[in-house]
Amino acid sequence: MSDIPLGVLDLVPISSGSTATEALRNSVDLARQAERFGYARHWFAEHHLNPGVAGTSPAVVLALTAAATSTIRLGSGAVQLGHRTALSTVEEFGLLDAVHPGRFDLGLGRSGGRPPGAKATAPTATPVADGRAPNGLLIPPRFSFERLLGSPRIALQRKLLLLPGAQSQDYTEQIDDVLALLAGTYRSPEGVEAHVVPGEGAEVEVWILGSSGGQSAETAGARGLRFAANYHVSPATVLEAVDGYRSFFEPSETLDKPYVSVSADVVVAEDDATARELATGYGLWVRSIRTAEGAIQFPTPDEARAHAWTDEDRELVQDRLDTQFVGSPTRVADQLAQLQEATGADELLITTITHDHADRVRSYELLAEEWRRR
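Residues numbered from 1 in each chain as written. Predicted model: local features only at pLDDT ≥ 70, side-chain atom pairs only at ≥ 80, totals over all residues. Heavy atoms only, no water.

> Would you mind showing me how to read the packing of aromatic side chains here?
For any two aromatic rings, the description comes down to two numbers: the centre-to-centre distance and the angle of the planes. Within this structure, the stated rule accounts for 9 aromatic pairs. Ring geometry for F143 against F145: centres 5.0 Å apart, planes inclined by 80 degrees, an arrangement best described as edge-to-face. On the basis of relative accessibility, which here comes to 26%, the residue F145 falls in the partly exposed class. Here R290 stacks its cationic end above the ring of F143, 3.7 Å away from the centre of that ring. (Phe/Tyr/Trp six-rings, centres within 6.5 Å; stacked < 30°, edge-to-face > 60°. Buried < 20%, exposed > 50% of the residue type's maximum accessible area, 1.4 Å probe, protein only. Lys NZ or Arg CZ within 6 Å of the ring centre and 35° of its normal.)

> Before we go on, may I ask you to explain the pattern of salt bridges in this structure?
Pairs can form between side chains of opposite charge whenever their charged atoms are close. This model, assessed by the stated rule, comprises 24 salt bridges. When the shortest N-O distance is used, the salt bridge between E193 and R187 registers 3.4 Å. Owing to a relative accessible area of 41%, R187 belongs among the partly exposed residues under this scheme. Here D272 ties to R331 by a salt bridge, and the two come within 2.9 Å at their closest N and O atoms. Of this pair, D272 sits in helix α9 (residues 272-278) while R331 sits in helix α13 (residues 329-343), placing them 59 residues apart in sequence. Residues participating in the shared-partner salt-bridge network are R41, R73, D105, E205, R226 and E347. (Salt bridge = Lys/Arg side-chain N within 4 Å of Asp/Glu carboxyl O. Helix = DSSP H or I, 4+ residues; strand = E, 2+ residues; numbered from the N terminus.)

> When you look at the nonpolar core in this model, what are you seeing that I'm missing?
The tendency in soluble globular proteins is for nonpolar side chains to be buried side by side. Counting residues in each nonpolar core, the largest one holds 74 residues, and the members touching the most others are Y39, L108, V262, L336 and L348. For this core, the element with the most residues is helix α14 (residues 357-372), which contributes 6 residues. The next biggest cluster of nonpolar side chains, apart from the first, holds 19 residues, and it includes L9, W285, L316 and I353. (Core = buried A, V, L, I, M, F, W, Y, C linked by side-chain atoms within 4.5 Å.)

> Please clarify how helix α10 (residues 282-290) should be interpreted in this entry.
One turn of an α-helix holds 3.6 residues; hence residues three or four places apart share an orientation. Counting buried residues in α10 gives 8 out of 9 residues, a clear majority hidden from the surface. As for α10, its buried residues are in contact with α4 (146-149), β8 (260-268), α11 (301-305) and α12 (311-322). Backbone geometry just downstream of α10 places A292 in the positive-phi region, at approximately 70 degrees. (Contact = heavy atoms within 4.5 Å.)

> In this structure, what is going on with the pairing of strand β1 (residues 6-10)? I would like to understand it.
Side-chain direction in a regular strand flips from residue to residue, so the side chains alternate between the two faces of the sheet. Counted residue by residue, β1 has 5 buried out of 5 residues, so it is predominantly covered. Of the two faces of β1, both are covered, the one formed by L6, V8 and D10 as well as the one formed by G7 and L9. Where β1 meets strand β10 (residues 347-351), 3 bridges bridge the pair, whose relative direction is parallel. Counterpart to V8 in the pairing with β10 is I350. Sheet topology places β1 next to strand β2 (residues 41-44); 4 bridges connect them, and they run parallel. Residue L9 lies in a different strand from β2, and its bridge partner there is W43. (Pairing = 2+ DSSP bridges.)

> Sorry if this is basic, but what is going on with the confidence of the model for the protein here?
Regions with low pLDDT should not have their predicted coordinates read in detail. Overall, the prediction assigns the protein a mean pLDDT of 95, with 96% of residues at 70 or greater. Low pLDDT, under 50, characterises residues 112-120; the stretch is placed with 8 contacts to residues that sit more than four places away or in other chains. (pLDDT = per-residue confidence, 0-100.)

> Help me understand helix α1 (residues 20-37) in this model?
Helix length check: α1, at 18 residues, gives a terminal C-alpha distance of 25 Å against a target of 26 Å (1.5 Å per residue), a fit within 8%. What α1 keeps buried is the set A23, S27, V28, D29, L30, A31, Q33, A34 and F37. Looking at the buried residues of α1, the elements they touch are β1, β2, α2 (58-68) and α14. Backbone geometry just downstream of α1 places G38 in the positive-phi region, at approximately 100 degrees. (Expected span 1.5 Å × (residues − 1).)

> Help me understand the environment of L179, please; the structure alone is not making it clear to me.
With respect to the helices and strands, the residue L179 is situated in helix α6 (residues 171-183). Under the relative-accessibility criterion, L179 is labelled partly exposed at 24%. For the pair L179 and R223, spaced 44 residues apart in sequence, the C-alpha to C-alpha distance is 9.6 Å. Ignoring anything within four residues of it in the chain, the contact list for L179 reads V206, R223 and L225.

This is the structure in structure tokens:
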């Protein structure tokens, strides 16, 4: 499997008893270590109003990380375009590329849920029987995000991120504007040109991130862009997402065939029991996200065990627990190989959170060593 590159997806998690400053230092260190271990990419996610996540601005974290690394590709996973403009996004990544040319991936995502009137998702071509893909990969029941998207905290987040009275641009139009500004071909409806300095001609690799076979997959496919699908966020719809993207794909100057990355939640240790102990806090952390409280600081195993679980709690997180890959290097590499086979992924994106930074770094190291042996 060494011909399938591995990348890192980093939320800049804050552990209980720690601080955002320590989390940022740990993430920069993780990028340095990932470069040494041979990971192809290190992406930073964008999240807001979360007590346990410090990755609020991918571009800022990328600037810090680029200065501390030299060869690993760095990117956003993803810039949330729902509260940004195409111009501000291209300007930020143009600045990054001007100082560290040819090292950045501009991962673009939509935020705030599926907009009214959005197209239905494309049908999944890959058959799923009894919750399994043909090769046995677990495809759990679909989780409803309605409660999360309708929460007061999410509404407040949107209010604070958008200027008063502002409306998000149509996502596909926004992607087209980003591409045109990068290429130097942007024209307003009145025919006025816009040239971004720095930004125009930047050597950034554009990716679209999506959780379903809907607008994101269609936009990425129709424009011949790279696509990143989320098994770790929405495992029920990962096949729908990659199948939808491939069904919409049209060759472009960038790609002559589809190119897909798929993410997975992973914890690796020397043996299965140690890995399970390190992953103990994951369920409680996911619960905090899906109750719309916002991601808590990642708990210690003892803190997680102290939680009194209800049936409702378990239902909230079961799909994520069932699809987290936890264990020895051999066990987890086998599971990742199964995910790659089921989705046809060209790359895999690994996201790992443990309470202690050293355990997190060691997890990535053990996985990289095992992956190279295959």
